Amino acid sequence: MFNALKKKLFGQSNESKDTAKSRLHFVLVQDRTGLTNEEMAGFREEMVKVIEKYFVIDKEGFDIKYHRLADTTTLLINSPVIVRRATAPAAKAARVPENETDTETAAVASNV
Amino acid sequence: MNTRRDNGSGKKDLGEVIVITSGKGGVGKTTTTASLGAALALRGQRVLVVDADIGLRNLDMMLGLENRIVFNVVDVAKKICKPAQAIIKSKKSNNLYLLPASQTDDKDVVDEAEVRYVLDQFRREFHYILVDSPAGIEQGFRNACAGADSAIVVTTPEVSAIRDADRVVGLLSSKGIEARLIINRIDFEMVRRGDMLSVRDVQDILGIEILGVVERDDQIISAANCGEPVVYNQKSKAGQAFTRIAARVCGEQIAIPSFDGGSLWSRITKKLGVNA
Ligand SMILES: Nc1ncnc2c1ncn2[C@@H]1O[C@H](COP(=O)(O)OP(=O)(O)O)[C@@H](O)[C@H]1O
Ligand SMILES: [Mg+2]
């Protein structure tokens, strides 16, 4: 399972430290938030839904990080944007590529 | 970094208490306590190392003092002896003292208030008091943290140690205790091969200040065999690393080599910039 995840995230990389990193990111989000697997999956699903109201995104690249700096903890939601939805009211804020195959990344940061 | 004695406050006579902790066992807490204690003493600081691993006494052997123990930390807490009777001077240094753990008692024989009382008996006599914490996050850990001004979290670059370190950093921060990180037993050859997390990787994951990096070094084991902290062997990489860590504890700015492209400082600066 983790090998599959590794391939997906890191292409052909066979460095075991990359596996270590992705496994740690996965488990530390749970440890730090205190959310169960199911709750995390639910949160993720709802976040994707909200963002998809305004953007077409690459769901594969969607990523949630719970990031700690010296004295603040930040929830980082990282979402590769393929294109904005034509009618999206919030789209002005995001830079949108001319070419539809390019992707931009929308990062939503929130202090916890 | 922030020695109370140097900051010109009215409390200049009080030593700084630093707890050395990790969550996971066997990552190098006791080695760090002994080596950092000896390195600080070599710099002329008066240092007390306290073994808070009650029931699993270890620090005495790392310092070669196991034959000299009469009283211990529990005796001081319970006022069975005078504080000065329980501490043992190191054979190698007039500045370094040990307050041993009790080997026969249970971890919860003392509480946090008693630990604070014990530390207060020594704060005036020492510049630094290093408390060697037991593994785990239970009563023994809470006792070791009681009265600490700051913490040093020790981890190895391995997933289980990092996960436990992260847990401990969270618990310390909820107690208002600032934590700095020592990455121990790193093998730069494995890092180069991509088979071990790098200093930068660990820093990225844990997000706390790095106080030092110690390589995997056989000299640590021979030093432990002889009961002489590795810093007395300045040819050893680990000895040099702990000497640099002692300098940083005293507030010297020495860059931490990251061995994986770019200095760690530029990385940190960049990070802060991005998040500012
Ligand atoms: N950098 C290192 N290189 C090689 N061996 C080490 C290193 N650090 C610690 N050790 C060894 O690892 C073992 C556990 O260390 P110890 O300090 O007792 O850990 P802890 O107090 O966290 O349980 C000891 O045998 C010690 O000699
Ligand atoms: Mg120990």
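Everything numeric here is computed off the predicted structure, so don't read it as measured data.

Chemist: Teacher, can you tell me more about the environment of Asn143(B) here?
Modeler: All names here are of chain B. Relative to the helices and strands, Asn-143 is located in helix α6 (residues 139-145). A C-alpha to C-alpha distance of 8.7 Å links Asn-143 and Arg-116, two positions 27 residues apart in sequence. With residues up to four places along the chain from it excluded, the contact list for Asn-143 reads Lys-107, Val-110, Asp-111, Glu-112 and Val-115. A distance of 3.4 Å separates the side chain of Asn-143 from the backbone nitrogen of Glu-112, its partner in a polar contact.

Chemist: Please explain the sheet that holds strand β5 (residues 128-132) of chain B as it appears in this structure.
Modeler: Each strand in a sheet pairs with its neighbour through backbone hydrogen bonds, running either in the same direction (parallel) or in the opposite one (antiparallel). Residue and element names in this part refer to chain B. Reading across from one edge, β3-β4-β2-β5-β1-β6-β7-β8 is the order of the 8 strands in this open sheet, with mixed pairing throughout. Either end of the sheet is taken by a strand with one partner, and the two such strands are β3 (88-89) and β8 (210-215). Of the strand pairs in this sheet, β3 and strand β4 (residues 96-99) are connected by 2 bridges, and their pairing is antiparallel. Following the sheet pairing, Ile-88 is matched in β4 by Leu-98. Its contacts with the sheet place helix α1 (residues 29-42) against β1 (16-21), β2 (47-51), β4, β5, β6 (150-155) and β7 (178-186), and it is angled at close to 165° to β5.

Chemist: For this particular structure, what's the right way to read the nonpolar core?
Modeler: Across soluble globular proteins, you tend to see nonpolar side chains buried next to one another. Residues and elements named next belong to chain B. Leu-48, Leu-99, Phe-122, Ile-129, Val-131 and Leu-172 are the most contacted members of the largest nonpolar core, which totals 57 residues. Here this core takes 5 residues from helix α7 (residues 159-174), the largest share from any one element. What Leu-99 contacts, discounting residues up to four positions off in sequence, is Leu-48, Val-49, Val-50, Asp-51, Asn-72, Val-73, Val-76, Ala-86, Ile-87, Val-118 and Phe-122. Judged by nonpolar contacts, the second largest core, of 38 residues, contains Leu-65, Leu-96, Ala-161 and Val-214.

Chemist: Just checking my understanding: could you explain helix α9 (residues 199-206) of chain B for this structure?
Modeler: What sets the pattern is the α-helix's 3.6 residues per turn: residues three or four places apart point alike. All names here are of chain B. Burial analysis of α9 places 7 of its 8 residues in the buried class, which makes it a mostly covered element. Every buried residue of α9 is listed here: Val-199, Asp-201, Val-202, Gln-203, Asp-204, Ile-205 and Leu-206. One or two steps after α9, the chain reaches Gly-207, where phi turns positive at roughly 65°.

Chemist: What am I meant to see in the confidence of the model for chain B here?
Modeler: Do not read the fine detail of predicted coordinates wherever pLDDT is low. All names here are of chain B. Mean pLDDT over chain B works out to 90, with 89% of the residues at or above the 70 mark. Across residues 1-11 the pLDDT falls below 50, and counting only partners more than four positions away or on other chains, this stretch makes 23 contacts in the model. Confidence estimates for the predicted assembly give a pTM of 0.82 and an ipTM of 0.78.

Chemist: I keep staring at the side chain of Asp217(B) and nothing clicks. Help me out?
Modeler: Residues and elements named next belong to chain B. Relative to the assigned elements, Asp-217 resides in the loop between β8 and α10 (218-226). Buried charge Asp-217 goes without a salt bridge, the closest partner of opposite sign being Lys-237 at 8.0 Å. Within the structure, Asp-217 has its side chain in polar contact with the backbone nitrogen of Lys-237 (distance 3.3 Å). Setting aside anything within four residues of it in sequence, one finds Asp-217 in contact with Ser-236, Lys-237 and Ala-238.

Chemist: In this structure, what is going on with the packing of α7(B) against α9(B)? I would like to understand it.
Modeler: Axes are the key here: two packed helices are described by the angle between their axes and the distance separating the axes. Residue and element names in this part refer to chain B. With their axes 10 Å apart at the nearest point, α7 and α9 run at an angle of 35° to one another. Considering how the two elements wind past one another, α7 and α9 form a crossing that is right-handed. When α7 is examined against α9, the residues Ile-162, Ala-165 and Asp-166 are found in contact with a partner set consisting of Val-202, Ile-205 and Leu-206. When its residues are assigned to classes, the contact of α7 with α9 shows 5 nonpolar, no polar and 1 charged.

Chemist: Could you clarify how one ought to interpret the site of ligand 1 in this entry?
Modeler: Residues and elements named next belong to chain B. The immediate surroundings of ligand 1 are formed by 16 residues, with Gly-26, Lys-29, Thr-30, Thr-31 and Arg-185 found nearest. Between ligand 1 and Gly-26, the relevant distance is 2.7 Å, taken from an oxygen atom to a main-chain nitrogen or oxygen of the residue. Arg-185 places a side-chain nitrogen or oxygen 2.6 Å from an oxygen atom of ligand 1. In the complex, 81% of the free accessible area of ligand 1, which totals 570 Å², lies under the protein chains. Within the residue set of the shell around ligand 1, elements represented by two or more residues are α1, β7, β8 and α10. Of the residues assigned to the shell around ligand 1, the class counts are 5 nonpolar, 6 polar and 5 charged.

Basis of the calculations
Residues numbered from 1 in each chain as written. Chains lettered and ligands numbered in written order. Predicted model: local features only at pLDDT ≥ 70, side-chain atom pairs only at ≥ 80, totals over all residues. Heavy atoms only, no water. Helix = DSSP H or I, 4+ residues; strand = E, 2+ residues; numbered from the N terminus. Contact = heavy atoms within 4.5 Å. Polar contact = N/O pair within 3.5 Å; in protein donor to acceptor, adjacent residues only side chain to side chain. Pairing = 2+ DSSP bridges. Axes fitted to C-alpha atoms, helices over the stretch in contact; angles between N-to-C directions. Core = buried A, V, L, I, M, F, W, Y, C linked by side-chain atoms within 4.5 Å. Buried < 20%, exposed > 50% of the residue type's maximum accessible area, 1.4 Å probe, protein only. pLDDT = per-residue confidence, 0-100. Lys, Arg positive; Asp, Glu negative; His and termini not counted. Salt bridge = Lys/Arg side-chain N within 4 Å of Asp/Glu carboxyl O. Left-handed = near helix turned anticlockwise from the far one by under 90°. Nonpolar A, V, L, I, M, F, W, Y, C, P; charged D, E, K, R; others polar. Near = heavy atom within 4 Å. Areas by Shrake-Rupley, 256 points an atom, 1.4 Å probe, with all protein chains shown as cover.

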